[in-house]
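Residues per chain, in single letters:
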Amino acid sequence: MGSAAIVAGLGACVPLTVVTNHDLAARLDTDDEWIRTRTGIRQRQVVAPGEATGDLAVEAARRALASAGTDTADAVVLATSTPDRLCPATAPHVASRLGLGNVPAFDVAAVCAGFVYALATASGLIAMRAADRVVVIGADTFSTILDPDDRTTGAVFGDGAGAVVLRAGTDDEPGALLGLSLGSDGSRSDLMGIPGGGSRQRSTGLPIKEEETYFGMQGQAVFTQAVRRMSASVQETVARCGWRLADVDRFVLHQANARILVAVARKLDVPVERFVTDIERVGNTVAASVPLALVDGAVSGDLDPGHRVVLASFGGGLAWGSVALVWPRLGTVQAPALTDAAESYQSGAR
Ligand code: COA
């Protein structure tokens, strides 16, 4: 068995409660047209009270394992910034609920870039022969950390989880993770985040104010950085694979704003039609964004076996990253919504 990491299964899950732009407009000073034209989002799905990130993660992982034709794995890597509890990590509980026994399981915190960071980490476990099969999950429930009165973040974020199964193989196989590029810029950590609740804020000894427990961001500055960092990262990864941008069939980028995807396409001088997008229905689902878009691309037929694909993400930290692969033939991939689970994609059958 080789030491390359191969995508062998794919799954996702979004919660049942749909919040449309009209629902938001009924309680906040916003409207459907503003949200659609500024972000490309029509609706997002959010967890119900009592539902948590780990619940979505377990379901997405189950579906990814089923798509890989297995129910076992040697490790679980969970990218999330909204763990079930601040401490301990959520991944061990997810692994246990999946019935995986005492496998290594840990969280990766890189906000919206988390899934690409988790893929890189899991590839390292496979390269070190510490694991032959790893479940890599991106899951977040940002609806639980937003200020209910903030129309900007309320319009942008949704909840969800997506997962892939990586298995050991050789780098000439379809699905092998090829070039990778990761980066960060902590000097701009002020652009988004939650001020309170961590060790720094608590070290003042002052009680946390309610507004400091919510996630906030400087939208325009984040937008500019997202375009700049994802474009550069994609270029780096494509160069590391020995590909040209024109060779890439599909770009699966973090779904933060439809206008960011258009701006990146322009910057890279590639047709925007090559960008897979599901933001209209799910919004920005943070660490789940890239794997959810992968599922959407697989189910809709936008991603085909043999396609040269580049995944890229960007988020708080700041942190960003991208990875390339040739899209593999997978077992059945179910649509993410629990409500339309009948819809599915079987690459072998197409
Ligand atoms: N409805 C109506 N108006 C809104 C609004 C909403 N939901 N949200 C913000 N506005 C208002 C602002 O208050 C501002 O009003 P003002 O001019 O009176 O001050 C105006 O719209 C313009 O705000 P601005 O921030 O310049 O809008 P924008 O075009 O940059 O769009 C975002 C805002 C958040 C949609 C956009 O900046 C964005 O998508 N940024 C990236 C977000 C992101 O990706 N975050 C996650 C990390 S990857």
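What you see is a predicted model, and the numbers here were worked out from it, not measured in a lab. (Residues numbered from 1 in each chain as written. Predicted model: local features only at pLDDT ≥ 70, side-chain atom pairs only at ≥ 80, totals over all residues. Heavy atoms only, no water.)

Trainee: I would appreciate a short explanation of unusual backbone geometry in the present structure.
Mentor: The amide bond that connects C87 to the next residue, P88, takes the cis arrangement and shows omega of 5°. Along the chain, P88 falls in the loop between strand 4 (75-79) and helix 4 (91-97). Residues G317 and L318 are joined by a peptide bond in cis, for which omega reads -15°. Considering the arrangement of structural elements, one finds L318 in the loop between strand 12 (308-315) and strand 13 (319-326). Within the chain, V111 stands out as a residue other than glycine whose phi angle is a positive 45°. Note that V111 resides in the loop between strand 5 (105-108) and helix 5 (114-127). (Helix = DSSP H or I, 4+ residues; strand = E, 2+ residues; numbered from the N terminus.)

Trainee: Looking at this model, I keep getting lost on the sheet that holds strand 13. Mind explaining?
Mentor: Working definition: the strands of a sheet are paired by backbone hydrogen bonds and lie parallel or antiparallel to each other. Here we have 4 strands laid out as an open sheet, ordered 8-13-12-11, and mixed in their pairing. Two strands in the sheet have a free side with no partner beyond their single neighbour: strand 8 (180-184) and strand 11 (250-253). The sheet shows a mean angle of 15° between the axes of neighbouring strands, taken without regard to direction. As defined by bridge partners, strand 8 adjoins strand 13 across 5 bridges and the pair is classed as antiparallel. The residue of strand 13 that forms the bridge with L180 is V323. (Pairing = 2+ DSSP bridges. Axes fitted to C-alpha atoms, helices over the stretch in contact; angles between N-to-C directions.)

Trainee: Can you walk me through helix 9 (residues 258-268) in this structure?
Mentor: For an α-helix, the turn length of 3.6 residues means that residues three or four places apart are oriented alike. Buried residues of helix 9: I260, L261, V264, A265 and L268, and no others. Looking straight down helix 9, one finds that the buried residues subtend no more than 135° of arc, so they occupy a single side. Among the exposed residues of helix 9, those oriented more than 90 degrees off its buried face are R266 and K267. Residues of helix 9 that are buried make contact with helix 8 (219-241) and strand 11. Its side-chain oxygen at 2.8 Å from the backbone nitrogen of R259, N257 defines the N-terminal cap of helix 9. Within two residues after helix 9, D269 carries a phi angle of roughly 60°, on the positive side. (Buried < 20%, exposed > 50% of the residue type's maximum accessible area, 1.4 Å probe, protein only. Arc of directions from axis to C-beta. Contact = heavy atoms within 4.5 Å. Polar contact = N/O pair within 3.5 Å; in protein donor to acceptor, adjacent residues only side chain to side chain.)

Trainee: Would you mind going over the pattern of salt bridges with me for this structure?
Mentor: Opposite charge on two side chains makes pairing possible when the charged atoms of those side chains draw close. Across all of its chains, the model carries 14 salt bridges by this definition. A salt bridge links R229 to D185; the shortest N-O distance between them is 3.4 Å. A residue pair is termed long-range when its members are at least 10 positions apart, and R229 in helix 8 and D185 in the loop between strand 8 and strand 9 (192-193) qualify at 44 residues. Taking relative accessible area as the criterion, D185 reaches 17% and is therefore assigned buried. The shortest N-O distance in the salt bridge between D247 and R244 comes to 2.8 Å. (Salt bridge = Lys/Arg side-chain N within 4 Å of Asp/Glu carboxyl O.)

Trainee: Could you clarify how one ought to interpret the packing of aromatic side chains in this entry?
Mentor: Each aromatic ring pair is described using two quantities: the centre-to-centre distance and the angle formed by the ring planes. Under the criterion given, the structure shown has 4 aromatic pairs. Ring geometry for F142 and F215: centres 4.9 Å apart, planes at 65°, overall edge-to-face. Taken together, the residues F142 in the loop between strand 6 (133-141) and helix 6 (151-156) and F215 in the loop between helix 7 (199-202) and strand 10 (216-217) connect sequence positions 73 residues apart. By the burial criterion, F142 is buried, and F215 matches it. Judged by centre distance (4.8 Å) and plane angle (20°), the ring pair of F251 and F275 falls under stacked. With F251 in strand 11 and F275 in the loop between helix 9 and helix 10 (279-282), this pair connects stretches of sequence that are 24 residues apart. A relative accessible area of 0% means that F251 is categorised as buried. Overall, F275 belongs to the buried group, its relative accessible area being 6%. Among the aromatic residues, ring-to-ring pairing joins F142, F157 and F215 into one connected group. (Phe/Tyr/Trp six-rings, centres within 6.5 Å; stacked < 30°, edge-to-face > 60°.)

Trainee: Help me understand the packing of helix 8 against helix 9 in this model?
Mentor: Packed helices, taken two at a time, are described by the angle between their axes plus the distance between the axes. Contact geometry of helix 8 with helix 9 gives a least axis separation of 9 Å together with a crossing angle of 45°. The angle between helix 8 and helix 9 falls in the class oblique. Where helix 8 crosses over helix 9, the handedness of that crossing is right-handed. Where helix 8 approaches helix 9, its residues F223, A226, V227, M230, S231, V234 and Q235 are matched on the opposing element by R259, I260, A263, V264, K267 and L268. For the contact of helix 8 with helix 9, the per-class residue count stands at 9 nonpolar, 2 polar and 2 charged. (Parallel < 35°, antiparallel > 145°, perpendicular 65-115°, else oblique. Left-handed = near helix turned anticlockwise from the far one by under 90°. Nonpolar A, V, L, I, M, F, W, Y, C, P; charged D, E, K, R; others polar.)

Trainee: Sorry if this is basic, but what is going on with the environment of E51 here?
Mentor: Mapped onto the elements, E51 comes out in the loop between strand 3 (43-46) and helix 3 (53-67). E51 has contacts with P15 and L56, leaving out every residue within four places of it along the chain. Within the local environment of E51, its side chain forms a polar contact with the backbone nitrogen of A48, the two atoms lying 2.8 Å apart.

Trainee: Help me out: how do you make sense of the site of the ligand in this one?
Mentor: Every one of the 22 residues lining the ligand counts as a neighbour, but T30, R38, R151, Q220 and N257 are closest to it. When the free accessible area of the ligand is taken as 960 Å², the share hidden by the protein chains comes to 75%. Mapped by element, the contributors of at least two residues to the shell around the ligand are helix 2 (32-39), helix 6 and helix 8. For the shell around the ligand, the leading source of residues is helix 8, giving 4 residues. Of the residues contributing to the shell around the ligand, the split by class is 10 nonpolar, 8 polar and 4 charged. Shared between two domains, the shell around the ligand holds at least three residues of each, these being domain 1 (4-175 + 333-349) and domain 2 (178-326). (Near = heavy atom within 4 Å. Areas by Shrake-Rupley, 256 points an atom, 1.4 Å probe, with all protein chains shown as cover. Domains from an automatic or database assignment.)

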